[in-house]
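Chain by chain, the residues:
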Amino acid sequence: MLSNEQIIGQALDRIEAGYVFPAKVVDIDAAIRRRLAAGEYEHLDGPALCETVTAHLQQACPDRHLRLLWADQPQSLDPADEDGGRAAFLALLRAENQGIRRVERLDGNVGLIDVRRIPYADEGAETIGAAMRLVALSSALILDVRACAGGVPEGAAMWCSYFFRDDQVHLNDFYEQSTGATRQFWTTAHLPAPRYVDRPVYVLTSPDTFSGGEDVAYTLQSHGRAVVVGETTRGGAHPTARYAITEHILVTVPTARTINSVTGTNWEGVGVTPDVPVPADQALDTALKAIWGDSDG
């Protein structure tokens, strides 16, 4: 069994090797090792250690994806299984219907899709397509990402693709620190359900909306394709890899940064600012009133 000192040491090694902003690594390492030397982590159990170290990492470098995470389910420690967390996230997505919690038809022929996670495009395509087929004939659509905990860039691009006419829209770029390469994301040419164009789209947000959910909200907003209603989101824009340190402790390391094709920046640290700011629990009613023209539906 690894000691807390060994766990933290391995986590810092992973951050040093892969963090998207190498110049910040020295300060991160020094801040955590100073606390380690002072004995601040000696008597913490797993979940408390993760929570405390995460808070200190984000004090040293305000990046919401820079975390030590506790996993209730044991993780593989076999180096051959190391894939940046893909296998574990795929299993979670399969258990959670590729992130789609519910699809509903509301009064006034308004479609509602409740999205809790953004899946990989290959595995999630059919499920996303099934949801979009169910709302294909609606007069307006509400995407509810108020409880969306994150996901992957490819899935966010696929979700966004439904709201544009073709594959000619440049959504964003991702700069990868490890390779120095920039990957472009464009709307997808072929989708398993009809595109949703020429009709209003509203995206509901909250302070819990994070990462991939923010990507969808920010991208559609910046391209003028959706109205964002609710509260400012958490502010995590860096694509991230996960590495198991023990069977239950993982370190998440941001390995890339997002560059939106319209704004030239992203939502890191600031979140997605809604077009219509209201408390998150009022966002759905507010969007419906806007769609219904302030009528009673």
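Residues numbered from 1 in each chain as written. Predicted model: local features only at pLDDT ≥ 70, side-chain atom pairs only at ≥ 80, totals over all residues. Heavy atoms only, no water.

**Here we look at the UniProt feature "domain: Tail specific protease" (unreviewed entry) in the chain**
Under the UniProt annotation, the feature "domain: Tail specific protease" (unreviewed entry) is placed at residues 85-279. Taken end to end, residues 85-279 is 23% helix and 29% strand, and its two terminal C-alpha atoms sit 34 Å from one another. (UniProt positions renumbered as here; feature names shortened; annotations may be inferred. Helix = DSSP H or I, 4+ residues; strand = E, 2+ residues; numbered from the N terminus.)

**Focus: the nonpolar core**
One broad trend across soluble globular proteins is that nonpolar side chains are buried collectively. Ranked by size, the top nonpolar core spans 40 residues in total, and within it Ile113, Met132, Leu143, Trp159, Phe163 and Leu220 carry the most contacts. For this core, the secondary structure elements donating two or more residues are β3 (110-115), α5 (121-134), β4 (140-144), α6 (153-161), β5 (170-176), β7 (201-205) and α7 (212-222). The contact partners of Phe163, leaving out residues within four places of it in the chain, are Met132, Leu141, Leu143, Tyr196, Val197, Val201, Leu220 and Arg225. Counting 25 residues, the second-largest nonpolar core is a separate cluster that includes Leu36, Tyr41, Leu68 and Ile249. (Core = buried A, V, L, I, M, F, W, Y, C linked by side-chain atoms within 4.5 Å. Buried < 20%, exposed > 50% of the residue type's maximum accessible area, 1.4 Å probe, protein only. Contact = heavy atoms within 4.5 Å.)

**Examining the packing of helix α1 (residues 4-18) against helix α3 (residues 46-60)**
Contact geometry for α1 and α3: axes closest at 12 Å, N-to-C directions at 40°. Judged by the angle between their axes, α1 and α3 are oblique. Judged by the twist between their axes, the crossing of α1 over α3 is right-handed. On α3, the residues that touch Asn4, Ile7, Ile8 and Ile15 of α1 are Leu49, Val53 and Leu57. Residue composition of the contact of α1 with α3, grouped by class: 6 nonpolar, 1 polar and no charged. (Axes fitted to C-alpha atoms, helices over the stretch in contact; angles between N-to-C directions. Parallel < 35°, antiparallel > 145°, perpendicular 65-115°, else oblique. Left-handed = near helix turned anticlockwise from the far one by under 90°. Nonpolar A, V, L, I, M, F, W, Y, C, P; charged D, E, K, R; others polar.)

**Notes on the sheet that holds β4**
Strand order in this open sheet of 6 strands is β2-β3-β4-β7-β8-β12, and the pairing throughout is mixed. Edge positions in the sheet fall to β2 (100-106) and β12 (276-277), since each of these pairs with one other strand and no more. Relative to β7, β4 is paired through 4 bridges, and the arrangement is parallel. Along β7, the bridge assignment pairs Ile142 with Tyr202. Its contacts with the sheet place helix α8 (residues 283-291) against β2, β3, β4, β7, β8 (227-230) and β12, and it is angled at close to 165° to β7. (Pairing = 2+ DSSP bridges.)

**Side note on the sheet that holds strand β6 (residues 182-186)**
In spatial order, the strands read β6-β5-β11; together these 3 strands make up an open sheet with antiparallel pairing. Single-partner strands in this sheet number two, and they are β6 and β11 (256-260). The sheet shows a mean angle of 25° between the axes of neighbouring strands, taken without regard to direction. Of the pairings in the sheet, the one linking β5 to β11 comprises 5 bridges and is antiparallel in character. Each bridged residue has a counterpart across the sheet, and for Glu176 the counterpart in β11 is Ala256. Contacting β5 and β6, α6 crosses the sheet at an angle of about 25° to β6.

**Concerning the pattern of salt bridges**
A full pass over the atoms with the stated rule returns 10 salt bridges. Its salt-bridge partner being Asp114, residue Arg102 comes within 3.5 Å of it at the nearest N-O pair. You can see Arg102 sitting in strand β2 and its partner Asp114 sitting in strand β3, a full 12 residues away along the chain. Judged by its relative accessible area of 33%, Arg102 falls in the partly exposed class. Its relative accessible area of 4% is what places Asp114 among the buried residues. Where Arg146 meets Asp144, a salt bridge forms, and the shortest distance between an N and an O atom there is 2.7 Å. Each of the two residues, Arg146 as well as Asp144, counts as buried. (Salt bridge = Lys/Arg side-chain N within 4 Å of Asp/Glu carboxyl O.)

**Focus: the packing of aromatic side chains**
Counted under the stated rule, the structure contains 5 aromatic pairs. Its guanidinium or amino end placed over the ring of Phe21, Lys24 lies 4.7 Å from that ring's centre, counting from NZ or CZ. (Phe/Tyr/Trp six-rings, centres within 6.5 Å; stacked < 30°, edge-to-face > 60°. Lys NZ or Arg CZ within 6 Å of the ring centre and 35° of its normal.)

**Looking at α6**
At 3.6 residues per turn, the α-helix brings residues three or four places apart onto the same side. Within α6, 8 of the 9 residues are buried, which leaves it mostly tucked inside the rest of the structure. For α6, the set of buried residues is Pro153, Gly155, Ala156, Ala157, Met158, Trp159, Cys160 and Ser161.

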